[in-house]
Amino acid sequence: MPFNIALSGLTAASTELNIVANNIANAQTTGFKESRAEFADVYAAGAKSLNTGATGDGVRLANTAQQFRQGNITSTSSNLDLAISGDGFFTLHTADGYRYSRNGSFGVDKNGDVVSSTGQALQVFPPLATGGFNTGALVNLNLQTSQSAPNATTTGNVILNLPANATAPVVAVFDPTDPQSYSNSTTTAIYDSLGNQLNATFYFIKTATPNQWQVAMTIDGAQVGAPQALQFTNAGVQSVPVGGNVVFPAFTPATGAQPLNLTFDFSKTTQYGANFGVNAITQDGYATGQLSNVAIDNTGVVSVVFSNGRSTQLGQLAIGNFPNPQGLRQLGDTSWSETFASGNVVLGQAASAGFGQIQSGALEQSNVDLTTQLVQMITAQRGFQANAQMITTADQITQTIINIR
């Protein structure tokens, strides 16, 4: 009997050493969760029922419990490195189904899909046309690498000051090529429907009537209609046209783009003092944009930013959680799968109830405490040695009995 009991102790100590060795080996593995050996004593069924003070039959491994406590989060230089601060798992898709991981080291494959280091596709809730996300569906996160479509200029705002003491130009007939036919000018960029940048120049012509001006426009040197009235009150506030909107005639660019129909708001233009000054000119057009950045906020919303300043939401990270994470099946590659013991996965959005926040440009390190593991290793080693000694002692006793004459 002592042989079997000691042998079970050797097996238990060896199993614990294996678990400790695996923890130590993965001390630098991103998203790794350490395991802990949990043992139970063994008694014969009859001894349990009779409760006669039986010595027991040894020990057995009851469970290898995974420890899902938070690991340290360290910063990185990649926006596609992600960490979950709190509960939850990244949802990944493979040919075999869904996996769940805390390893947020992601990259992009040849198809533009965001994948883990082992090629598993990161899952997101797709965006809805009306805003928000469809939390009832999962799709691969695919970075939109195509260009952002341009937008032709249609409206804008002109905020400047015209000198109150200006006099009418020497040349009475406006000619954009003759500086003596206008009082002041300023240029801004606008865009056609193909994304080409055009130069729009505003010319301001003081009339002989007090507080009355005209504004003309050229696009790349071509005049757009005749000069239009721009009038101010005796307090220097713009009054004509009412509301400040100056509508210019349609202009067809030489680039082959659609005609431009431009309306600029001059309501904040003033006539004060003696200096001409431009405060701001804005317009709603923009050029073709190239993908320049990927941004992921703490709720897991993934946006791509283009060089033209536009951004598009591609989805929201689908974060999974379980009633009993310790029941998950370990698959390797720091990923887990759902089991009956873990309960059904609950998918949700980061930073909501029951789910941690997302940190972009960061990774969660292994939660292995090396100091604790080294102490545990010594303890398991001592247990192994003691059980081995028990076998030696039992052998000596047996040999003594055999040698009795």
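Trainee: A description of unusual backbone geometry should follow, citing residues and the corresponding values.
Mentor: Residue Pro-241 is reached from Val-240 by a cis peptide bond, and omega for that bond is 0 degrees. In this structure, Pro-241 sits in the loop between strand E17 (238-240) and strand E18 (245-247). Phi is positive for Asn-211, which is not a glycine, with a value near 65 degrees. In this structure, Asn-211 sits in the loop between strand E13 (197-206) and strand E14 (212-219). Among the residues examined, Asn-211 registers a relative accessible area of 23% and is labelled partly exposed.

Trainee: How would you explain the nonpolar core if you had to name every residue and give the values?
Mentor: Among the nonpolar cores identified, the biggest contains 24 residues, and Phe-202, Phe-204, Ile-219, Phe-264 and Phe-266 are the most heavily contacted of them. Mapped onto this core, the elements with two or more residues apiece are strand E11 (155-161), E13, E14 and strand E16 (228-232). Among residues more than four places away in sequence, those in contact with Ile-219 are Ile-190, Leu-198, Asn-199, Val-224, Phe-251, Leu-260 and Leu-262. Grouped together as the second largest cluster of nonpolar side chains are 22 residues, Leu-80, Leu-92, Leu-314 and Ala-350 included.

Trainee: Account for the packing of aromatic side chains, naming residues and giving values.
Mentor: Within the structure shown, the criterion is met by 15 aromatic pairs. Pairing Phe-89 with Phe-322 gives two aromatic rings, centres 5.9 Å apart and planes at 70 degrees, and the pair type is edge-to-face. Of this pair, Phe-89 sits in strand E5 (residues 89-94) while Phe-322 sits in the loop between strand E24 (319-321) and strand E25 (329-332), and the two are 233 residues apart along the sequence. Comparing Phe-89 with Phe-322, the two get one shared label, buried. Their ring planes at 65 degrees and their centres at 6.2 Å tell us that Phe-174 and Tyr-182 sit as a pair that is edge-to-face. Neither residue differs from the other here; Phe-174 and Tyr-182 are each classed as buried. By the ring-pair criterion, three or more aromatic residues cluster together here, those being Phe-202, Phe-204, Phe-248, Phe-264, Phe-266 and Phe-276.

Calculation rules
- Residues numbered from 1 in each chain as written.
- Predicted model: local features only at pLDDT ≥ 70, side-chain atom pairs only at ≥ 80, totals over all residues.
- Heavy atoms only, no water.
- Helix = DSSP H or I, 4+ residues; strand = E, 2+ residues; numbered from the N terminus.
- Buried < 20%, exposed > 50% of the residue type's maximum accessible area, 1.4 Å probe, protein only.
- Core = buried A, V, L, I, M, F, W, Y, C linked by side-chain atoms within 4.5 Å.
- Contact = heavy atoms within 4.5 Å.
- Phe/Tyr/Trp six-rings, centres within 6.5 Å; stacked < 30°, edge-to-face > 60°.

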